[in-house]
Amino acid sequence: MKQSAKIIIDGKTFELPIITGSEGERVIDISRLRKDTGLVTLDPGFANTASCQSSITFMDGERGILRYRGIPVGQLAEHSTFVETAYLLINGELPTQKQLNRFSVMLNDHSVVHEDMRAFFENFPRWAHPMGILSSMVNALRAFYPEILERTEEEEINISVTRLLSKVRTMAAMSYKIFRGHKLVYPRHDLTYAANFLNMMFDSPVRPYVIDEHLVQALNVFWILHADHEQNCSTAAVRLVGSAKVNLYAAISAGICALWGSLHGGANQAVVEMLSQIHANGGDMAPFIARAKDKNDPFRLMGFGHRVYKSYDPRARIMKKMCDRVLDRVKGHDPLLDVAKRLEEVALKDPYFIDHHLYPNVDFYSGIVLRAMGIPLNMFTVMFAIGRLPGWISQWKESIEDPNWKIHRPRQIYTGPNERDYVPIQERD
Ligand code: ACO
């Protein structure tokens, strides 16, 4: 039976269809509202607005559920690799062995970056943030790899997707090497995706990098946990920019810019900075908790809270366990992990955090994992961006293939001055 909601405006009743998703979620379809009533809706931050129908990722913030194409993220973290998960997100199904081999070969074939791009990398100021460099370089990819008219649209998309997945990882490592003033390390055909990244980051002519399969696996898990998260800020940016029919590189570059923000992907860097401050403060977290609760202070407990999760973020649970495993592996101890665990304990007992349903999110523990791997602080958000690529790509693809595709163009409610005349400059007070 078709369900509907009724809305009464100036005594007149309008019926709005209710659409039900495959997990039973119900939404009111307001797409005809303006046509029928002349009114639009106001929803700051789109907190109540579903901007699309999507079959990629399901999350339930109340029950702490996250699934990619129906498969729980915990199962993927345990059994899959990042490349296989990327295939799943982009193509909708897990690959057969043959498909996975072919995909891996294609990723390897596209892993090298055009030599002329090096000049760009080398001319960024040393202090430039790698996220700024990455978004610029991803946008520049279209200039170096222009569309080839002989290819079908599908071939062009497939090649751009593979290029992005493969080259972004190479460019991330390149920007780190250039930042350090070290010799570049090229991708190797005999290494897997994650192993190649670690090797490009840490191998050097004076100290060859010894690949540790445990760290490779941890990196796979890190990237799998970040691979998609339905309509978050950066994904919404990719879809919005993509809706104007720009090329894939430009849309992804917009997503990277959105991810850079400290309320989004930049939070992993901000968490480690906050934990370091608490540690430097002798471990006293009371002033930080007090500031986070003070309405007159813009400070927030970084790595806490989420627009959708109102219970423990399932990714944070896996990441927390991984901290101990990775630290054990590198035979290290990180005092910031002790600070993080104590901070979580204190916050989760505090009425403010309980009442506001604020729990650790994925960024709360991810920085500690990255630190243990030797990834420098300013590369943290880049690591997130590499992980989020399959999500951005699959959401972009779904959006351009949607038969109901529309350019994204929200409305507003105008609150400025009413019409008034232009005043010549000599007559102004
Ligand atoms: N510390 C203290 N208070 C918080 C926090 C926090 N981390 N997060 C939310 N709140 C409070 C707000 O002050 C607000 O309180 P009020 O209702 O009394 O005014 C209430 O909780 C709701 O907060 P909103 O900002 O309305 O929630 P929103 O859904 O818009 O924001 C966000 C979600 C941006 C993630 C927020 O929780 C936050 O700023 N967290 C810290 C930054 C962070 O960790 N970001 C990473 C998110 S995960 C990701 O992007 C990968």
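My aim in this report is to walk through the structure given alongside it, one point at a time. Being a predicted model, the structure only gives us computed values, none of them experimental.

1. Section: the overall build of the chain
Here is step 1: Across its full length, the chain carries 18 helices and six strands.
Here is step 2: In summary, the chain has a C-alpha radius of gyration of 24 Å against a globular reference of 22 Å for 429 residues, a match within 12%.
Here is step 3: Considering only C-alpha atoms, the chain reaches an extent of 80 × 70 × 65 Å along its principal axes.
Here is step 4: In the chain, the proportion of contacts linking residues at least 24 apart, taken out of those at least 6 apart, comes to 70%.

2. Focus: helix α6 (residues 130–144)
Here is step 1: Between the first and last C-alpha of α6 there are 20 Å, a value that for 15 residues agrees with the 21 Å anticipated at 1.5 Å per step.
Here is step 2: Judged by how many residues are buried, α6 sits mostly within the fold: twelve of 15 residues are covered.
Here is step 3: Listing the buried residues of α6 in full gives Pro130, Met131, Gly132, Ile133, Leu134, Ser135, Met137, Val138, Ala140, Leu141, Arg142 and Phe144.

3. As for the pattern of salt bridges
Here is step 1: In total, this model carries 17 salt bridges according to the counting rule given.
Here is step 2: Aspartate 190 is the partner of arginine 188 in a salt bridge, and the nearest nitrogen-oxygen pair spans 2.8 Å.
Here is step 3: Where salt bridges share partners, they join Glu115, Arg118 and Glu122 into one cluster.

4. Looking at the sheet that holds strand β5 (residues 65–68)
Here is step 1: Taking strand neighbours across the sheet as the criterion, the three strands line up as β4-β5-β6 in an open arrangement whose pairing is antiparallel. Strands at the two margins of the open sheet, each flanked by one partner only, are β4 (57–60) and β6 (71–72).
Here is step 2: As paired elements, β5 and β6 share two bridges and run antiparallel to each other. Bridge pairing in β6 links arginine 67 to proline 72.

5. Observations regarding helix α18 (residues 380–401)
In an α-helix, one turn spans 3.6 residues; hence positions three or four apart end up facing the same way.
Here is step 1: With 22 residues, α18 should reach 32 Å at 1.5 Å per residue; the first-to-last C-alpha distance of 32 Å fits that figure.
Here is step 2: Roughly 45° is the biggest bend found in α18, and it falls at arginine 388, with proline proline 390 one to four residues downstream.
Here is step 3: Most of α18 sits out of view: 21 of its 22 residues are buried.

6. Digging into the pairing of β4
Here is step 1: The alternating pattern of β4 places Thr57 and Met59 on one face and Phe58 and Asp60 on the opposite face, and all of these are buried.
Here is step 2: With four bridges connecting them, β4 and β5 associate as antiparallel partners. Following the sheet pairing, threonine 57 is matched in β5 by tyrosine 68.

7. Structural notes on the packing of helix α4 (residues 97–109) against helix α7 (residues 153–180)
Here is step 1: Between α4 and α7, the least distance of the axes is 8 Å, while the angle of their chain directions is 65°. Relative to α7, the crossing made by α4 is right-handed. Note on element contacts: α7 touches α4 through Thr162, Leu165 and Ser166, opposite Phe103, Met106 and Leu107.
Here is step 2: Its residues placed into classes, the contact of α4 with α7 shows four nonpolar, two polar and no charged.

8. Examining the nonpolar core
Here is step 1: Counting 123 residues, the largest nonpolar core has Met171, Phe197, Trp223, Ile252, Met274, Leu301 and Ile375 as the members making the most contacts within it.
Here is step 2: Beyond its immediate sequence surroundings of up to four residues, leucine 301 is in contact with Met274, Phe288, Ile289, Ala292, Leu343, Ala347 and Phe353.

9. Considerations on the packing of helix α17 (residues 362–373) against α18
Here is step 1: Look at α17 against α18: their axes get within 10 Å of each other, and the N-to-C directions meet at 105°. Here α18 runs roughly perpendicular to α17, going by the angle between their axes. Mapping the contact onto sequence places Asp363, Gly367, Leu370 and Arg371 in α17 and Phe380, Met383 and Phe384 in α18.
Here is step 2: Here the contact of α17 with α18 is built from residues that sort into four nonpolar, one polar and two charged.

Definitions and cut-offs
Residues numbered from 1 in each chain as written. Predicted model: local features only at pLDDT ≥ 70, side-chain atom pairs only at ≥ 80, totals over all residues. Heavy atoms only, no water. Helix = DSSP H or I, 4+ residues; strand = E, 2+ residues; numbered from the N terminus. Rg over C-alpha atoms; globule rule 2.2 N^0.38 Å. Contact = heavy atoms within 4.5 Å. Expected span 1.5 Å × (residues − 1). Buried < 20%, exposed > 50% of the residue type's maximum accessible area, 1.4 Å probe, protein only. Salt bridge = Lys/Arg side-chain N within 4 Å of Asp/Glu carboxyl O. Pairing = 2+ DSSP bridges. Bend = angle between axes of the 7 residues up to and from the residue. Axes fitted to C-alpha atoms, helices over the stretch in contact; angles between N-to-C directions. Left-handed = near helix turned anticlockwise from the far one by under 90°. Nonpolar A, V, L, I, M, F, W, Y, C, P; charged D, E, K, R; others polar. Core = buried A, V, L, I, M, F, W, Y, C linked by side-chain atoms within 4.5 Å. Parallel < 35°, antiparallel > 145°, perpendicular 65-115°, else oblique.

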